[in-house]
Amino acid sequence: MLKKPWLQFVLLGALFFFIDEQLFPEPKPVLGPPNAERLAAIAENYRRFARSEPGAELRARFIDAELRDELLFREAIRRDLQYRDAAVEQRIIRNMRFLDAQTDASDEELIEQGYALRLHLTDEVIRRRLVQVMERLIVATTPIVAPTAEAVQARYEENLGDWQEPARFTLRHVFLPADRAGEMTDLMATVIGEQLTADEARVLGAPFLPGYRFNRQSPDQLTRVFGAAFAEQLEALEPQPDSWIGPVSSAFGVHYVYVVQREPPRTLGLDEVSERIVRELERESEAERVAEWVDEVMAMYEVLRS
């Protein structure tokens, strides 16, 4: 058989093909480098909010994030996901009408024209949308095991400090502005002497725009209304339910406060936070699966970081 020329030709061809594949493999597609303007914008946003320069490690994370999103965007385009998403189509219609506000074209015609102009490849909103769609596709096509009761219990105990419920106050108050603060002593004496209710006592004071009744408010919530000094005094006094305290200072003046109820700080039980923990663990599992998928697919690319 080996003496037959056609068989020798086939064998030599197979050998040459094998050698070529080993010595000259198909080049990988190139991913990157990240867009320099996009990286500069990310760094500028960081400076604006952090008020400091991003270091080398943080800049490397910016590059990683950009490469990740670029990969997801490319894969979404390769799968034609842009043609199956209503949000993308609405964005294209909006862009086309912005380019020509006088157009009489229908939405369908505008979508066709927008794709012909390749707007889906250059619009930042569409890019972010397709990255999200691709992430959801990865999650939807990957079996994810539900968190076990043991995992939920472990996360609860690990982050016990996160489940601290602050003190909460249900209160009513009588308000006097700073220029009338000297009247507060007489006002308090009248309330106690005549045993006035909180609603009856309110007419002795001045108007207070945020209101007079506050139910189950935490110190942080009270701070947003009255200022930090008010909330700090209220916490420090640890008032008993159904009692008047005052005067209590605020950013606006002074208050005579009737505490209807005070709920002391406590640690939420596992049964109260288990659903939140389950959602948190599920989100982490989904993010981990997307990261694994990105690592697997990125290995098929020649990645250029700069």
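Q: So what exactly am I meant to see when it comes to the overall build of the chain here?
A: The helix and strand inventory of the chain stands at 13 helices and eight strands. The C-alpha atoms of the chain give a radius of gyration of 33 Å, which is well past the 19 Å a tight globule of 306 residues would have. Principal-axis analysis of the C-alpha atoms places the extent of the chain at approximately 125 × 60 × 40 Å. When each of the 306 residues of the chain is scored for burial, the buried share is 34%. Distance between charge centroids for the chain: 4 Å, based on 37 positive and 53 negative side chains.

Q: Would you mind showing me how to read the nonpolar core here?
A: Generally speaking, a soluble globular protein has its nonpolar side chains buried in company with each other. Within the largest apolar cluster, 33 residues are counted, with the highest numbers of intra-cluster contacts made by Leu71, Leu72, Leu130, Met134, Trp293 and Val294. With eight residues, the single largest contributor to this core is helix α3 (residues 56-78). Setting aside chain neighbours within four positions, we find Met134 in contact with Leu72, Glu75, Ala76, Arg79, Leu81 and Trp293. Counting residues in each nonpolar core, the second largest holds 17 residues, with Ala206, Leu222, Phe230 and Leu234 among its members.

Q: Where do I start with a nonpolar patch on the surface in this structure?
A: Taken together, the side chains of Phe98, Leu99 and Leu117 make up a nonpolar region of the molecular surface, amounting to roughly 390 Å² of accessible area. Here Phe98 falls in the exposed class, since its relative accessible area comes to 72%.

Q: How do you make sense of the side chain of Ser250 when you look at a structure like this?
A: When you line up the elements, Ser250 lands in the loop between β5 (243-249) and β6 (253-263). Polar contacts involving the side chain of Ser250 include one to the side chain of His255, which spans 2.6 Å. Ser250 has contacts with Phe226, Phe230 and His255, leaving out every residue within four places of it along the chain.

Q: Sorry if this is basic, but what is going on with the pairing of strand β3 (residues 168-177) here?
A: Side chains on a regular strand alternate between the two faces of the sheet. Counting buried residues in β3 gives nine out of ten residues, a clear majority hidden from the surface. Bridge count for β3 against strand β4 (residues 213-217) is three bridges, and the pairing is antiparallel. Looking at the pairing, Phe169 lines up with Gln217 of β4.

Q: Sorry if this is basic, but what is going on with the packing of aromatic side chains here?
A: Describing an aromatic ring pair means giving the distance of the ring centres and the angle of the ring planes. Counted according to the given criterion, the structure contains ten aromatic pairs. Taken together, a centroid distance of 6.4 Å and an interplanar angle of 10 degrees make the contact between Tyr156 and Trp163 stacked. Taken as a pair, Tyr156 and Trp163 share a single burial class, namely buried. Ring geometry for Phe226 against Phe230: centres 4.1 Å apart, planes inclined by 15 degrees, an arrangement best described as stacked. Pair check on accessibility: Phe226 and Phe230 agree, each one buried.

Q: Explain the packing of helix α4 (residues 86-99) against helix α7 (residues 124-140) to me, please; I cannot follow it from the model alone.
A: The angle between the axes and the distance between the axes are what describe a pair of packed helices. Relative to each other, α4 and α7 sit at 175 degrees, their axes nearing to 10 Å. With respect to their mutual orientation, α4 and α7 come out roughly antiparallel. Along the contact surface, α4 presents Ala87, Val88, Arg91 and Ile92, while α7 presents Val125, Ile126, Arg129 and Leu130. Each residue belonging to the contact of α4 with α7 can be placed in one class, and the counts come to six nonpolar, no polar and two charged.

Cut-offs and rules
Residues numbered from 1 in each chain as written. Predicted model: local features only at pLDDT ≥ 70, side-chain atom pairs only at ≥ 80, totals over all residues. Heavy atoms only, no water. Helix = DSSP H or I, 4+ residues; strand = E, 2+ residues; numbered from the N terminus. Rg over C-alpha atoms; globule rule 2.2 N^0.38 Å. Buried < 20%, exposed > 50% of the residue type's maximum accessible area, 1.4 Å probe, protein only. Lys, Arg positive; Asp, Glu negative; His and termini not counted. Charge placed at Lys NZ, Arg CZ, Asp CG, Glu CD. Core = buried A, V, L, I, M, F, W, Y, C linked by side-chain atoms within 4.5 Å. Contact = heavy atoms within 4.5 Å. Patch = residues over 30% accessible without salt bridge, like charges linked within 9 Å, V, L, I, M, F, W, Y side chains within 5 Å. Areas by Shrake-Rupley, 256 points an atom, 1.4 Å probe, with all protein chains shown as cover. Salt bridge = Lys/Arg side-chain N within 4 Å of Asp/Glu carboxyl O. Polar contact = N/O pair within 3.5 Å; in protein donor to acceptor, adjacent residues only side chain to side chain. Pairing = 2+ DSSP bridges. Phe/Tyr/Trp six-rings, centres within 6.5 Å; stacked < 30°, edge-to-face > 60°. Axes fitted to C-alpha atoms, helices over the stretch in contact; angles between N-to-C directions. Parallel < 35°, antiparallel > 145°, perpendicular 65-115°, else oblique. Nonpolar A, V, L, I, M, F, W, Y, C, P; charged D, E, K, R; others polar.

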